[in-house]
Amino acid sequence: MERVYRLVMSSPDRVGIVARVSSFLAQYNGSILEANHHADLEQGWFFMRNEIKASSLPFSAEKLAEMFAPIARDLDMEFEVTDTELKKRIVLMCSRDSHCLADILNRWHSGDLPCDIPCVISNHNDLRGLVEWHGIPFFHVPVDPGDKAPHFAEVERIVAEHKADAIVLARYMQILPEALCTAMPNKVINIHHSFLPSFIGARPYHQAQERGVKLIGATCHYVTSDLDAGPIIDQDVVRISHRDSVGDMVRLGKDCEKSVLARGLRWHLEDRVLVHGNKTVVFS
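For every chain, the first residue of its written sequence is number 1, and the numbers climb from 1 along that sequence. For this predicted model, a pLDDT threshold of at least 70 governs which residues receive local features, and a threshold of 80 or more governs which side-chain atom pairs are given and counted, while totals over whole chains, interfaces and linings are taken from all residues. Excluding hydrogens and water, the side-chain values take into account all heavy atoms of the structure.

(A) Up close: the pattern of salt bridges. In the sections that follow, a salt bridge refers to a side-chain nitrogen of Lys or Arg positioned within 4 Å of a carboxyl oxygen of Asp or Glu. Tallied over the full model, the rule gives 25 salt bridges. Here Arg49 makes a salt bridge to Glu51, at a shortest N to O gap of 2.6 Å. Take Arg49: its relative accessible area is 0%, and that puts it in the buried class. Burial here depends on accessible area, computed with a 1.4 Å probe over protein chains only, as a share of the maximum for the residue type. Under 20% is buried, over 50% is exposed, and the range in between is partly exposed. Exposure remark for Glu51: the relative accessible area of 12% places this residue in the buried category. For Asp248, the salt bridge goes to Arg251, with nearest N and O atoms at 3.4 Å. With Asp248 and Arg251 both in helix 8 (residues 246-269) and three residues apart, this pair spans about one turn of that helix. Through salt bridges with shared partners, one network takes in Arg6, Glu34, Arg49, Glu51, Lys88, Arg266, Glu270, Asp271 and Arg272. Every helix listed is a DSSP run of H or I at least four residues long, and every strand listed is a run of E at least two residues long, numbered separately from the N terminus.

(B) Layout of the state of the cysteines. Criterion for a disulfide: a pair of cysteine sulfur atoms at a distance within 2.5 Å. All told, the structure shown has zero disulfides when counted by the stated rule. We note that Cys119 lacks a disulfide partner, and the nearest cysteine sulfur, in Cys94, lies 11 Å from it. For Cys119, a relative accessible area of 0% gives the class buried. Looking at the unpaired Cys256, the closest cysteine sulfur is the one in Cys100, lying at 10 Å. Given a relative accessible area of 4%, Cys256 falls into the buried group.

(C) Broad picture of the layout of surface pockets. Whether a set of points on the 1 Å grid over the protein atoms alone is a cavity depends on a 1.4 Å probe fitting there but being unable to get out, while an open set qualifies as a pocket with protein on both sides within 12 Å along at least five of seven lines; lining residues are those with an atom within 4 Å of a point. Grid points are joined across faces, edges and corners, and a volume is the space filled by probe spheres set on the points. Of the voids in this model, the largest pocket is the one considered here, and its volume is about 1200 Å³. What lines the largest pocket is a set of 45 residues, among which Thr82, Lys88, His268, Leu269 and Asp271 lie closest to the centre. Every element with two or more residues in the lining of the largest pocket is listed here: strand 1 (4-12), strand 3 (45-53), helix 2 (61-74), strand 4 (78-83), helix 8 and strand 13 (273-276). Looking at the lining of the largest pocket element by element, the count peaks at six residues for strand 4. Partitioned by chemical class, the residues of the lining of the largest pocket number 21 nonpolar, six polar and 18 charged. Considering the residues around the second largest pocket, the lining is formed by 35 residues, among which Arg171, Met173, His192, His193 and Asp228 are closest to the centre. Classifying every residue of the lining of the second largest pocket by side-chain character gives 16 nonpolar, 11 polar and eight charged. Only Asp, Glu, Lys and Arg are considered charged in this grouping, and only Ala, Val, Leu, Ile, Met, Phe, Trp, Tyr, Cys and Pro are considered nonpolar; every other residue, Gly among them, is considered polar.

(D) Expanded view of the packing of helix 7 (residues 204-211) against helix 8. Each axis is a line fitted through C-alpha atoms, taken for helices only over the stretch in contact, and angles between the N-to-C directions span 0 to 180 degrees. At a minimum axis distance of 10 Å, the contact between helix 7 and helix 8 shows a crossing angle of 120°. Here helix 7 is positioned oblique relative to helix 8, judged by the angle of their axes. For the crossing formed where helix 7 meets helix 8, the hand is right-handed. Facing Tyr205, His206, Ala208 and Gln209 of helix 7, the residues of helix 8 in contact are Val246, Met249, Val250, Gly253, Lys254 and Glu257. When its residues are assigned to classes, the contact of helix 7 with helix 8 shows five nonpolar, three polar and two charged. Orientation categories follow fixed angle ranges, with anything under 35 degrees roughly parallel, anything over 145 roughly antiparallel, 65 to 115 roughly perpendicular, and all other angles oblique. Helix crossings are classified by the rotation of the near helix relative to the far one: an anticlockwise turn of less than a right angle makes the crossing left-handed, while a clockwise turn makes it right-handed. In what follows, a contact means two residues having at least one pair of non-hydrogen atoms within 4.5 Å.

Written out as structure tokens, the structure is:
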């Protein structure tokens, strides 16, 4: 694949941002392969993402960021430059459910997800064989319900040791502590069924069937200290009817969860998700 530099930015909205950025790139013969931008009129904020052919520029991604910095300061802009040659390192976390983990591992193994997976962490040992079959280190870190601090201290150590750029909670059934969420803002991705907050707690599909719901689905979002309320990356739904049993609903819900999580992860890997406050702009 063509090596690409991605220039992703957001700033207060004003006239001339696109022209200013495009003129800067044109000055160095930068070939723009993809360009997206969006103005949020309610918030007065502007979002932009450019993919630049790396070979068209006479310098590295690091130099591009250095040379663009004065423009960013002038426009009060937050920006990031990434290089597709440097794959993001994604640590996966799971518990006992295998559908999301297996789907991500399969997509990674087949080359569909452009990332490195240095390890998988779990509070149960059930999925060790699945992970190690893929040649990925598996860390079993048990949880003491009476004192979860040692578990999360070890999780943080493993994440730091493996230099994770992001964490994906592939049906990891523990609530992350606020310190870990704060340490990795917009870099921890979670998936959950769409019944929240209507059907809280155990057996949500049973609760939903008893209520006669007609739609089930999933939400992929960034994790914050506010439980299941972080910026939403992607969502999807599946229509059901009175004919569907709880088993049917669980099966359809799992299919929805794994596809939504994989899509959200891909968009994150491709730097397509821009966060402002608790809202996202996704250049899909």
